[in-house]
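Chain by chain, the residues:
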Amino acid sequence: MEALSSLITRRTRADGTNMGDQFDLLFDYLKMLDLEEPIANMKIIHVAGTKGKGSTCTFAESILRNCGFSTGLFTSPHLIDIRERFRLDGMEICEEKFLAYFWWCYDRLKEKTDDNIPMPTYFRFLALLAFKIFAAEQVDVAIMEVGLGGKYDATNVEQAHEDMLIFQVQSPIVCGIASLGYDHMEILGNTLGEIAGEKAGVFKNKIFSRLKIFFDAYLQCALSNRIPAFTVPQPDEAMHVLEEKASQLNVPLQVVTPLDAKLLNGLKLGLEGEHQYLNAGLATALCFTWLKRTGHLGDIYLEQTDTLPEQFIKGLTSASLQGRAQIVPDQHIKSERSNELVFFLDGAHSPESMEVCAKWFSLAIKEYNPDQTLFHQQRDNSKFSYEVVKTHHGERGSQIKSTPILLFNCLTVRDPQLLLPRLMKTCADHGVYFKKALFVPSLSVFNKVGPQAYTLTDSKVDLSWQFNLQRVWENLMQGSKGKVTDIVTEELKDDMEMSASNCEHSAVFSSLPLAIKWLRDRVHQNQSVRFQVLVTGSLHLVGDVLKLVKK
């Protein structure tokens, strides 16, 4: 982890003067690691997007694994353990293999790099490591999620060779672009058009030659060699750019619709939320195309539009991805009741995904019926387990009172004026009002990978960003006066000494462990209250909470 942390650098805008220059070095790194030929032979599915790309990749991996293929899945970020980014046949890579492949790549690069060709940066190294792992493990299909952008992303190794006349890397089998929205604007651009332009960088045109004299010959086989791409319905501005880029590269671009729930034969998707049917539709199209282009479609699928193959249904309904619409009871509460403190975790961090997250949370907390026992399926790293979430009546048969709490943080490059209003309004439209919003700094830091030292208090921590988030929230609450009544309940009015700043509707805590301790104390002091905490704004925050609440 120390070696990996040494590769982390601050991000700069993805233009030709920085990210582009570093991007050009990918060819050199591939040569150093002897990865040119293995990648050329790899059957890749490449997926970009602002939101939903991780879910799309997860669905696709699960589908093809259930079709009998060995799979490699590379996603980001990780929530608890770096090995989450590398899945082999649906399971994160074991520690022994991870260490062996890690040091093989790291030591070889350390030996061969110099001042002119420095060590690759953090994400580029992880992408190279993923290609090494998947090549060495000889997976049938490698599913690669774009980390940031597309054109200059480290997973886009094929792009690195398009201007190289000495070697041609095999293009991916199929490309996908999930939903686009306003995210990473400081790197990708300030308009949907600019963002779409970066995401469109994953489109591949197999018609480039080692020598210009072969150009006409490649043109003649254009129709058979074009790499298909799929996307979901996009805003007009973004769709126009995608279509324009696809036309320039002679890429057949198709727009897919959300998966029809009826095709699942009464089952539910493995990933929660209505928005996942859009991602499932994209994954289904990518998998059908991969099967067709690799010559396996006849083994799996008969040309019927009103049914899905059994393997597809099993893959879609058993897919699992931490930190997206995930429900986890606090496993450290010592009580007969397992649902006094329940965390609803979703790593939404764009305005559009914040609205989707709010809809999911509003519906999910209402499903916690005190008269029922609910089962939430959650796949862990080694087996399937079922977390039982029980709800109860009070001692005298009275219904337990539910108290929605918001636990929030986001990166400073994001605009809380865009995120928090969408969250609050969508929840309010569904009759859900947060009784308190808690703002905390993340435990994870940008320049260090691995476990952090957890302390309840840190006098040196800079809370200026959290205070800013609190001001935004309090202003929003003031603006909703008259619409929301009795918003602050008695059980939350007292004992706020732990907080760095307590206002009527919110509080800032100097650390996440301190906020969790405060919540647990509230549980012990209010036996008739069920605290339902929405954790959102950052996948890093979601991962930090999981580390603290899961045994």
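Remember, it's a predicted structure, so these values are computed and weren't measured experimentally.

Leu 4, Phe 74, Phe 86, Phe 125, Leu 129 and Phe 134 are the most contacted members of the largest nonpolar core, which has 42 residues in total. For this core, the elements supplying multiple residues, two or more each, are α1 (2-5), α3 (26-32), β3 (86-88), α6 (95-112), α7 (122-136) and β5 (141-145). In terms of residues, this core owes the most to one element, α7, which gives 11 residues. Ala 60, Val 256, Leu 286 and Phe 288 belong to the second largest nonpolar core, which has 41 residues in total.

Next up on the list: helix α13 (residues 276-293). For α13, spanning 18 residues, the distance from its first C-alpha to its last is 25 Å, which sits close to the expected 26 Å at 1.5 Å a residue. Immediately downstream of α13, the backbone of Gly 295 shows phi near 80 degrees, a positive value.

Next up on the list: the pattern of salt bridges. With the rule as written, the count across this model stands at 12 salt bridges. A salt bridge links Glu 92 to Arg 83; the shortest N-O distance between them is 3.4 Å. With respect to burial, Glu 92 and Arg 83 carry one shared label: buried. One salt bridge connects Lys 97 with Glu 137, and the closest N-O pair in it is separated by 3.1 Å. Placement of the pair is Lys 97 in helix α6 and Glu 137 in the loop between α7 and β5, with a sequence separation of 40 residues. Under the relative-accessibility criterion, Lys 97 is labelled partly exposed at 34%. Through salt bridges that share partners, Asp 81, Arg 83 and Glu 92 make up one connected network.

Moving on: the sheet that holds strand β17 (residues 529-536). The 7 strands lie next to each other as β9-β10-β17-β13-β14-β16-β15, forming an open sheet whose pairing is mixed. Here the strands that pair on one side only, and so sit at the sheet edges, are β9 (326-329) and β15 (501-502). Note that strand β10 (residues 341-345) and β17 share 5 bridges and pair parallel. Within β17, the residue paired with Phe 344 across the bridge is Leu 534. Along the sheet, helix α16 (residues 351-366) makes contact with β9, β10, β13 (401-408) and β17, crossing β17 at roughly 160 degrees. Strands in contact with helix α19 (residues 512-525) are β10, β13, β14 (436-439) and β17; relative to β10, the strand with the most contacts, it is inclined by about 140 degrees.

Below, the discussion takes up the confidence of the model for the chain. Looking at the chain as a whole, its pLDDT mean stands at 79, while 71% of the residues score no less than 70. Confidence drops under pLDDT 50 across residues 183-189; counting only partners more than four residues distant or on other chains, this segment forms 32 contacts. This stretch, residues 484-488, has a pLDDT under 50; its non-local contacts, to residues over four places away or in other chains, come to 10 contacts.

Basis of the calculations
Residues numbered from 1 in each chain as written. Predicted model: local features only at pLDDT ≥ 70, side-chain atom pairs only at ≥ 80, totals over all residues. Heavy atoms only, no water. Core = buried A, V, L, I, M, F, W, Y, C linked by side-chain atoms within 4.5 Å. Buried < 20%, exposed > 50% of the residue type's maximum accessible area, 1.4 Å probe, protein only. Helix = DSSP H or I, 4+ residues; strand = E, 2+ residues; numbered from the N terminus. Expected span 1.5 Å × (residues − 1). Salt bridge = Lys/Arg side-chain N within 4 Å of Asp/Glu carboxyl O. Pairing = 2+ DSSP bridges. Contact = heavy atoms within 4.5 Å. Axes fitted to C-alpha atoms, helices over the stretch in contact; angles between N-to-C directions. pLDDT = per-residue confidence, 0-100.

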